[in-house]
Amino acid sequence: MTDNRFDPSKADGRWQRAWDEAGTFTADSNSDKPKSYILEMFPYPSGRIHMGHVRNYTMGDVLARYQKMRGHEVLHPMGWDAFGMPAENAAMEKKVHPGTWTRSNIAAMKAQLQRIGFALDWTREFATCDPEYYGHEQALFLDLYEAGLVYRRQSEVNWDPVDMTVLANEQVIDGKGWRSGAEVEKRKLDQWFFKITDFADDLLQGLGELKDWPDKVRLMQENWIGKSSGLEFSFELQSDARPGPVEGREGGGARASTSSARAEIPERLDVYTTRPDTIFGASFCAIAADHPIAQSLASNPEIAAFIEECKRGGTTAAELETAEKLGFDTGITAKHPFTGAALPIFIANFVLMDYGTGAVMGVPGHDQRDFEFATKYELPIARVVAKDVSEADAPMGDEAESGDGVIVNSDFLDGRSVEDAKADVIARAEDGGWGKGTTVWRLRDWGVSRQRYWGTPIPIIHSPDHGPVPVPKDQLPVELPEDIDFETPGNPLERHPTWKHTVCPISGKPALRETDTLDTFVDSSWYFLRFASQPDGAPFDAEEIAKWLPVQHYIGGVEHAILHLLYARFWTRALAHIGKIDVKEPFAALFTQGMVTHQTYSARLKSIRLTEEGETLIHRLLDNKLTMEQALSEHPELFEGSRRWLDPNDVVENEDGTFDAPSVENEFRDADSVFYEGVELGRVEKMSKSKKNVVDPDAIIDQYGADAVRWFMLSDSPPERDLPWSEAGIEGCWRFVQRLWRLFDAYDPAAKGEDKDLTRKTHQTILAVGEDIEALSFNKAVARLYELTGAAEKAAPSEARNFAIRAILHMVSPMMPHLAEEAYAKMGETGLIAEAAWPQHDPDLLVEDEVTIAIQHKGKLRDTITAPKGATKEDLEALALASEKVQRSLQGAEVRKVIVVPDRLVNIVT
RNA sequence: GCGGGUGUGGCGGAAUGGUAGACGCCGGGGACUUAAAAUCCCCUGAUCCUAUAGAUCGUGCGAGUUCGAGUCUCGCCACCCGCACCA
């Protein structure tokens, strides 16, 4: 047997221990070296590391190791985003305490991460469910509370009456709770909010400076913040002179038929518009169903019924797309501020209460929604913007014209530009005292109250005399009780027999603790600060934060493009605002990596025999405990014609290109319940349990070792795109690991002699790989290393070859650290290559002395020639014309022009 | 509907306006071997040909700018992602 093979099962663990014992990756805040903070989004401890994690952390790891070799002091920490619902779900299903479940998941995942050999500073590890961490978070919450950035108000929530809990929007499926299947109710609860809107403008402005963020993410945040400017103004309200039900309005416009409610009508209606220039085109007003005026009219049963109808309207994309504009004439009119015309006021289903003032002026000519509404209810559609003044009387088409133009049919605004007219109307409104120019934001304050157990308790005491009172800081952390019961529905903290009972810090009288916990996004809004600095007795130290922040590279999934990244930016600003830190933007550069995908296969179901399971399912459906979609996704095998996903490992390809899954077929037949009809190739999709295309990293590492997996994660696909997993691909990586090992083994210190070509290629590669890594173009760095490896393999032993081999060894070491350490030691080095310096390229040795010149005739390639580097244009032209192939192509035609690009090409034009 | 992205061999993908397909995977042929594994070498965009050193076509489609376009401009198409009745 030869020992000429690299054995990761032995080497990986050995070097992981060596790094650990040497403290190689422990970051020193007091180091004089330039500092690099490399961070990947910390994981939720779900139980297992998946390929997406491996890809994410491998990228960060290469950067961290590279920066260290470039002489930086690197902070590359890891921790756990440990609060959240899955732990409570596990508690309910498996009867384990959420803390126990979470802790054991963390232990398992940490072990998995360690065997991949990541260069992490584990001394800074923490979990957000550590009382120490969330205690500091509570203190920061109270600091922000004192600064007026936290407040409490009533807010509507989705309430599941069966589970007695609040649901996030994503947990409401077709108006029903995802778990209980019960009809979700709207409830008003007192909730805590962060005043993120105070920073709306600043958060928006700040985006402009984040040059190293993807444009896509900046745009998404920009849209989310949603700044718009316009005019907020009020209409005087009038009694409607028109009597009774609507006449001559075939569109079915209902109309309030009683006047009983009119006494309660306020005198004014505030509206917001971004198009004050079109004010002369207003033909109606519309208010939201939950607008105070609509509410005050609800004593009229017709109106009450209409309001109910509006609320029922679906909120899914498809429903909104097709939803008809519906209105109800209130019988009240608004007086147009310039013309005095009486505009009917409708309650309308397309007006949102929580944007602007919850009321709009309807300008059908120049707003598509207003246009549809006016068409339906036969309201006037006037043109007030035209391409040109001469087009003032041009008829309107079949949709609104929202484009630019000049104002027409608008009294004093006629002939003015849109922008000009906007400014004029705003000025007149302000002079007249009936309106003012305003900025409106889409961004809402951040509601952070969650009626759950497994989160950071909100450190507030509700005192009967003093209302909500902060928990005194010396009583922090407010710890979660351990003895908790998940048997009965509702918030376990609320139900706990003793936990919430305490005393008022001011009066000493009995009082109740706040039983809500914080949104887990709060936990991840400052963890990167805690990684950088963790003094005793304080969340962090500002001076130490200043040494590391901002994070140099922040890497994670694009799914966090809005919420997490916006909240983290907000917290950083808020903490800076109250003087806790001196950093504004937490992440200097952001990189959003693609997903790891894999082939899917599915089979169609042919026949069913109902099993016991199926009958249970039907009962659950009948009892409304389950929606059809849920039943389908949980038990696809019970539905004829539906598709069942197959594990790619069960699928075999036939010679004719079709697929079969013999093992699954047998499994089905044995169960005597289901038959499949045919196996089909599905799309390459993100690995997910439900699609059965997950590949477990642990099993792959067992087989090929950490380095092959890491190399795979970096190869081929650009890191921002999806990476398709393949068995063949990982085998290729494994072969390359061994190929490198043999090359390193061929290192012969005694070899003598030059090899100019190889030396040049080595220097070129050193330069290029460094640039590629810094640009996070790992796939290109990998390709260059393949090339140089090929060249070094073919070269005869020489000093130049030894130089190339050592350069390759150093350059692959951030990517395949175990192999590199093993080879480094075998070459007789006593230190760790993880602590070695990145190789230097010599600019003088990069230059080629001969170049290949392309010869084109009319832009088409006819020949290539070799010429000395830096040959003159005249020489190149002469060489080109001397080419036999070129002469044949020219066929004696007259040469009109010759374009010469030095060292590149000659193009002959005839 | 609005916004953004992507489109190149059988596949993943390279390519400062200058030789399209680097590099990897798959596939084919060969060497070594009793055999296999491993390894090494060669071929591998399509079509045509008189098939050695030939020609034509080719980067989603259609135009344009240019001596020269995968790359720039305009107009389409397809797919993916995000947001969504935001006044």
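Residues numbered from 1 in each chain as written. Chains lettered and ligands numbered in written order. Predicted model: local features only at pLDDT ≥ 70, side-chain atom pairs only at ≥ 80, totals over all residues. Heavy atoms only, no water.

### Quick look at the packing of helix 6 (residues 200-207) against helix 17 (residues 563-577)
Right, so step 1: At a closest axis distance of 11 Å, the pairing of helix 6 and helix 17 adopts a crossing angle of 110°. The orientation of helix 6 with respect to helix 17, classified from their angle, is roughly perpendicular. The two elements helix 6 and helix 17 cross, and the hand of that crossing is right-handed. When helix 6 is examined against helix 17, the residues Asp202, Leu203, Gly206 and Leu207 are found in contact with a partner set consisting of Leu566, Arg569, Phe570 and Arg573.
Right, so step 2: Looking at the contact of helix 6 with helix 17 residue by residue, the class counts come to 4 nonpolar, 1 polar and 3 charged. (Axes fitted to C-alpha atoms, helices over the stretch in contact; angles between N-to-C directions. Helix = DSSP H or I, 4+ residues; strand = E, 2+ residues; numbered from the N terminus. Parallel < 35°, antiparallel > 145°, perpendicular 65-115°, else oblique. Left-handed = near helix turned anticlockwise from the far one by under 90°. Contact = heavy atoms within 4.5 Å. Nonpolar A, V, L, I, M, F, W, Y, C, P; charged D, E, K, R; others polar.)

### Considering helix 17
Right, so step 1: Compared with an ideal rise of 1.5 Å per residue, which puts 15 residues at 21 Å, helix 17 spans 20 Å between its outermost C-alpha atoms and is within 8% of the ideal.
Right, so step 2: The buried count for helix 17 comes to 12 of 15 residues, which makes it a mostly enclosed element.
Right, so step 3: Of the residues one or two after helix 17, glycine 579 is the one with positive phi, at around 80°. (Expected span 1.5 Å × (residues − 1). Buried < 20%, exposed > 50% of the residue type's maximum accessible area, 1.4 Å probe, protein only.)

### Observations concerning the sheet that holds strand 36 (residues 905-909)
Right, so step 1: Pairing within the open sheet is mixed, and its 4 strands lie in the order 34-33-36-35. Two strands bound the open sheet, and with one partner strand each, they are strand 34 (860-868) and strand 35 (897-901). Between one strand axis and the next, the sheet turns by 20° as a mean value, whatever way the strands run.
Right, so step 2: Bridge count between strand 33 (residues 850-857) and strand 36: 4 bridges; the pairing is parallel. Residue pairing across strands places alanine 854 opposite leucine 905, the latter belonging to strand 36. (Pairing = 2+ DSSP bridges.)

### Some words on the sheet that holds strand 23 (residues 510-513)
Right, so step 1: A sheet is described by the order of its strands in space; here 4 strands give the open sequence 21-20-23-22, paired in antiparallel fashion. Edge positions in the sheet fall to strand 21 (467-470) and strand 22 (501-503), since each has one partner strand and no second. Taking each pair of neighbouring strands and ignoring which way they run, the sheet shows an average axis angle of 45°.
Right, so step 2: Sheet topology note: the strand 20 (residues 460-463)/strand 21 ladder contains 4 bridges and is antiparallel. By the bridge assignment for strand 21, serine 463 is matched with glycine 467.

### Considering the pairing of strand 7 (residues 185-194)
Right, so step 1: Judged from the 10 bridges that link them, strand 3 (residues 150-160) and strand 7 form a sheet pairing that is antiparallel. In the strand pairing of strand 7, arginine 153 is matched with glutamine 191.
Right, so step 2: Where strand 7 lies against strand 18 (residues 446-447), 2 bridges are found, and the strand directions are antiparallel. Its bridge partner lying in strand 18, phenylalanine 194 is registered against tryptophan 446.

### With respect to the pattern of salt bridges
Right, so step 1: Using the criterion set out here, one finds 49 salt bridges in the structure.
Right, so step 2: Close ionic contact of aspartate 277 with arginine 275 constitutes a salt bridge, the shortest N to O distance being 3.0 Å.
Right, so step 3: Of the residues examined, aspartate 277 reaches a relative accessible area of 0% and is grouped as buried.
Right, so step 4: A salt bridge links aspartate 863 to lysine 885; the nearest nitrogen and oxygen atoms lie 3.9 Å apart. With aspartate 863 in strand 34 and lysine 885 in helix 29 (residues 884-890), this pair connects stretches of sequence that are 22 residues apart. (Salt bridge = Lys/Arg side-chain N within 4 Å of Asp/Glu carboxyl O.)

### Re a positive patch on the surface
Right, so step 1: On the surface, Lys858, Lys860, Arg862, Arg896 and Lys897 cluster together into a positively charged patch.
Right, so step 2: Residue position: lysine 858 is located in the loop between strand 33 and strand 34. (Patch = residues over 30% accessible without salt bridge, like charges linked within 9 Å, V, L, I, M, F, W, Y side chains within 5 Å. Areas by Shrake-Rupley, 256 points an atom, 1.4 Å probe, with all protein chains shown as cover. Lys, Arg positive; Asp, Glu negative; His and termini not counted. Charge placed at Lys NZ, Arg CZ, Asp CG, Glu CD.)

### Some words on the packing of aromatic side chains
Right, so step 1: As enumerated under the stated definition, the model contains 47 aromatic pairs in all.
Right, so step 2: Each ring, one from phenylalanine 6 and one from tryptophan 741, has its centre 5.5 Å from the other, and the planes form 45°; the classification is tilted. Taken together, the residues phenylalanine 6 in the segment before helix 1 (8-22) and tryptophan 741 in helix 23 (residues 727-745) connect sequence positions 735 residues apart.
Right, so step 3: Relative accessible area serves as the criterion here: at 6%, tryptophan 741 is assigned to the buried category.
Right, so step 4: Ring centres of tyrosine 453 and phenylalanine 486 lie 5.8 Å apart, and the angle between their planes is 80°; this geometry places the pair in the edge-to-face category. Pair noted here: tyrosine 453 is in the loop between strand 19 (449-450) and strand 20 and phenylalanine 486 is in the loop between strand 21 and helix 13 (492-495), with a separation of 33 residues, a long-range link.
Right, so step 5: On the accessibility criterion, phenylalanine 486 (15% relative accessible area) is buried.
Right, so step 6: It is arginine 153 that lies over the ring of phenylalanine 193; its NZ or CZ is 4.0 Å from the centre.
Right, so step 7: Between arginine 442 and the ring centre of tryptophan 224, over which it is positioned, the NZ or CZ distance is 5.0 Å. (Phe/Tyr/Trp six-rings, centres within 6.5 Å; stacked < 30°, edge-to-face > 60°. Lys NZ or Arg CZ within 6 Å of the ring centre and 35° of its normal.)

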